[in-house]
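# Fold and contact review
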Amino acid sequence: MERGARYVVQFKSVDRAGNQEVSRSVYLNLDTRAPVITIQTPGTGTTYADSGDLIPQVQITDALSGVDDSRTTVRLDGREQRPGAAIPLYTLELGPHELTVSARDQAGNAAGVTSAFTTTASVQSLKRLVARFAGDKRIDQPGIADGLQEKLDRNELGAFMNEVRAQSGRHISAEAAGYLLRDAEWSLNHSK
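Residue indices begin from 1 for each chain and proceed along its sequence in written order. Confidence filtering applies because this is a predicted model: local features only for residues at pLDDT of at least 70, side-chain atom pairs given and counted only at 80 or more, and all residues used for totals across whole chains, interfaces and linings. Side-chain numbers here rest on the full set of heavy atoms in the structure, without hydrogens or water.

Helix axes are fitted to C-alpha atoms over the stretch in contact, other axes to C-alpha atoms as well, and angles between N-to-C directions run from 0 to 180 degrees. The secondary structure listing takes helices from DSSP runs of H or I that are at least 4 residues long and strands from runs of E that are at least 2 residues long, numbered from the N terminus. It is at 8 Å that the axes of helix α2 (residues 142–153) and helix α3 (residues 157–167) come closest, and there the two elements cross at 160°. When the interaxial angle is binned, α2 and α3 end up roughly antiparallel. α2 and α3 meet at a crossing whose hand is left-handed. Residues Ile144, Leu148, Lys151 and Leu152 of α2 pack against Leu157, Ala159, Phe160, Glu163, Val164 and Gln167 of α3. An angle counts as roughly parallel when it lies under 35 degrees, as roughly antiparallel when it exceeds 145, as roughly perpendicular when it falls between 65 and 115, and as oblique in every other case. Put simply, a crossing is left-handed when the front helix is turned counterclockwise from the back one by less than a right angle, and right-handed when it is turned clockwise. By definition in these notes, contact holds between two residues if any of their heavy atoms fall within 4.5 Å.

Laid out in structure tokens, this is it:
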């Protein structure tokens, strides 16, 4: 498939004495098509546990004029993201999300693509979040992290939530406690 229009300009010159040069041609390609954007990650319709990270994988190509990288944007739920940066999924609300990529080529042709995905929580993802928060010291006592893991192993979400509330701002950072409580509540409401 052709990526644009191809034009031929023919010309020759004649001097005052009437001498003519041989006709010459210049071929011009006019880029009339937008770049092609492929979002590999996140895949549309994919569900992710919020305990992991998302690194958007995007490919943008333009065979004729080339991609203008300075005009490429990646947005997650309307907020601009730094390309290649990991996004901790627990920082997003649970539920549906949209990653939108917009790009232009050097000729000014624009394109945009959106991929919809969902984040969710479960007892298993809560276990991974407790381990993550213990690893980066947002849960600063190993015994507290172990106790939370034991409650999750026994599927005691009510006791887990009570312990998180009791330790919030003390041995569990208030931010981490907020994420753990939100995920535990989600797990309670969606496991029925």
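Before going further, it helps to examine the nonpolar core. Counting 22 residues, the largest nonpolar core has Ile139, Phe160, Ile172 and Leu180 as its most contacted members. Secondary-structure elements contributing two or more residues to this core are α1 (123–135), α2, α3 and α4 (174–190). The element that contributes the greatest number of residues to this core is α4, accounting for six residues. Contact partners of phenylalanine 160, with chain neighbours within four places excluded, come to Leu126, Val130, Leu148, Lys151, Leu152, Leu180 and Ala184. Ranked by size, the runner-up nonpolar core spans 13 residues in total, among them Leu54, Ile87, Leu92 and Leu99. Here the nonpolar core consists of buried residues drawn from Ala, Val, Leu, Ile, Met, Phe, Trp, Tyr and Cys, with membership extended through side-chain atoms lying within 4.5 Å. Only protein chains enter the accessibility calculation, which uses a 1.4 Å probe; a residue whose area is less than 20% of its type maximum is buried, one above 50% is exposed, and one in between is partly exposed.

Packing of α1 against α4 brings their axes to within 10 Å, and their N-to-C directions diverge by 170°. Considering the angle they form, α1 stands roughly antiparallel to α4. In this structure, α1 uses Val123, Leu126, Leu129, Val130 and Phe133 to contact α4, whose residues at the interface are Ala176, Tyr179, Leu180, Asp183, Ala184 and Ser187. Tallied by class, the residues present in the contact of α1 with α4 amount to nine nonpolar, one polar and one charged. Residues are sorted three ways: Asp, Glu, Lys and Arg are charged, Ala, Val, Leu, Ile, Met, Phe, Trp, Tyr, Cys and Pro are nonpolar, and all the rest, Gly among them, are polar.

The residue threonine 47 is located in strand β4 (residues 46–49) in this model. Between the alpha carbons of threonine 47 and lysine 127 there is a distance of 18 Å; along the sequence they are 80 residues apart. Apart from the residues lying within four places of it in its own chain, the contact partners of threonine 47 are Thr118 and Thr120.

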